[in-house]
Amino acid sequence: MKTLKELTLLDRFLFDQTMDCPEAHEAALQIILNDPSIRLLTPAQTEKELRTAPWLRSIRLDVFALDERAAVYNTEMQKEYRSDLAKRSRYYQSLIDSSLLEPGSLDFNRRNANFSEYQRKE
C-alpha cells in the first residue's frame, strides 16, 4: 500500500479525489485542451455508469462533466498502453451520444438540443 505522498494522478484514488474538485477538473481540461475558456456547468461525476438497456453492457466513465456550451467531457486516465483504446473510445463516445439524444430522434445534429432536460435527469 502506498502512502499519500507516494501517490500520483495515475493512481485511481488520487485521480478520483482530485477530479471531484470542480476547479481542479476544469483546470485540467483547460491545460490538456489548451482552452482557458472552458467553464464547467455541472460538477464532475466520477465513476459515472452509462447503460442503454439493463441487459446490455454498461460503461463506467472515469470523470464526466458538461460545460456551459453543452460540450461533453469524458476524462479517462490510462496507466498503461491499451491496444484497444481507439475502439474502446469509439464505443464510449457512442453511448455518451446516445444518452444525449431524445428516444426515437432521427436528427443526430440535435444531440445536445435537450441539454436542460439532460441536466435535470442527473
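Rules and cut-offs
Residues numbered from 1 in each chain as written. Predicted model: local features only at pLDDT ≥ 70, side-chain atom pairs only at ≥ 80, totals over all residues. Heavy atoms only, no water. Salt bridge = Lys/Arg side-chain N within 4 Å of Asp/Glu carboxyl O. Helix = DSSP H or I, 4+ residues; strand = E, 2+ residues; numbered from the N terminus. Buried < 20%, exposed > 50% of the residue type's maximum accessible area, 1.4 Å probe, protein only. Expected span 1.5 Å × (residues − 1). Arc of directions from axis to C-beta. Contact = heavy atoms within 4.5 Å. Pairing = 2+ DSSP bridges. Axes fitted to C-alpha atoms, helices over the stretch in contact; angles between N-to-C directions. Polar contact = N/O pair within 3.5 Å; in protein donor to acceptor, adjacent residues only side chain to side chain. 1 Å grid on protein atoms, 1.4 Å probe; cavity = no way out; pocket = protein on both sides within 12 Å on 5 of 7 lines; lining within 4 Å. Points joined across faces, edges and corners; volume = space filled by probe spheres on them. Nonpolar A, V, L, I, M, F, W, Y, C, P; charged D, E, K, R; others polar. Core = buried A, V, L, I, M, F, W, Y, C linked by side-chain atoms within 4.5 Å.

Considering the pattern of salt bridges
Stage number 1. According to the stated counting rule, one finds 11 salt bridges in the structure shown.
Stage number 2. Residue Asp-16 is joined to Arg-12 by a salt bridge in which the shortest nitrogen-to-oxygen separation is 3.6 Å. Taken together, the residues Asp-16 and Arg-12, both in helix H1 (residues 12-19) and four residues apart, mark about one turn of the helix.
Stage number 3. Among the salt bridges present, the one from Arg-69 reaches Asp-35, with a minimum N-O distance of 3.6 Å. Here the residue Arg-69 occupies a position in the loop between strand S2 (59-66) and strand S3 (72-75), and Asp-35 occupies one in the loop between helix H2 (22-33) and strand S1 (45-50), the gap between them amounting to 34 residues.
Stage number 4. A relative accessible area of 49% means that Arg-69 is categorised as partly exposed.
Stage number 5. It is possible to trace a salt-bridge network through shared partners that takes in Arg-12, Asp-16, Glu-47, Glu-49, Arg-60 and Asp-62.

Let's talk about helix H3 (residues 85-99)
Stage number 1. Over its 15 residues, H3 runs 21 Å from end to end, which matches the ideal 21 Å to within 8%, given 1.5 Å per residue.
Stage number 2. Those residues of H3 not exposed but buried are Tyr-92, Leu-95 and Ile-96. Buried residues of H3, viewed axially, fall in a sector of 100°; they line one side. Exposed side chains of H3 directed beyond 90 degrees from the buried face belong to Ala-86, Lys-87 and Arg-90.
Stage number 3. The elements touched by buried residues of H3 are S1, S2 and S3.

Comments concerning the sheet that holds S2
Stage number 1. Read from one edge of the open sheet, three strands run S1-S2-S3, paired in antiparallel fashion. Lying at the two open borders of the sheet, with one neighbouring strand each, are S1 and S3. Strand after strand, the sheet turns through a mean of 50° between neighbouring axes, direction not considered.
Stage number 2. Pairing analysis gives four bridges linking S2 to S3, with the strands arranged antiparallel.

Things to note about the side chain of Asp-67
Stage number 1. Here Asp-67 shows up in the loop between S2 and S3.
Stage number 2. Taking the relative accessible area as the measure of exposure, Asp-67 reaches 0% and is therefore buried.
Stage number 3. One polar contact links the side chain of Asp-67 to the main-chain amide nitrogen of Arg-69, over a distance of 2.8 Å.

Re the layout of surface pockets
Stage number 1. Quantified by volume, the largest pocket comes out at close to 190 Å³.
Stage number 2. Contributing to the lining of the largest pocket are Val-72, Tyr-73, Asn-74, Glu-76, Gln-78, Leu-85, Arg-88, Ser-89, Tyr-92, Gln-93 and Ile-96.
Stage number 3. Sorting elements by how many residues they give to the lining of the largest pocket places H3 first, with six residues.
Stage number 4. For the lining of the largest pocket, a count of residues per class yields five nonpolar, four polar and two charged.

A closer look at the nonpolar core
Stage number 1. Leu-50, Ile-59, Leu-61, Phe-64, Leu-66, Tyr-92, Leu-95, Ile-96 and Leu-100 form the largest nonpolar core, which has nine residues in total.
Stage number 2. Contributing elements (two or more residues each) for this core: S2 and H3.
Stage number 3. Residues within four places of Leu-61 in sequence aside, it is in contact with Thr-46, Glu-47, Lys-48, Leu-50, Asn-74, Glu-76, Tyr-92 and Ile-96.

Bear in mind that shape data such as this cannot, by itself, settle questions of function.
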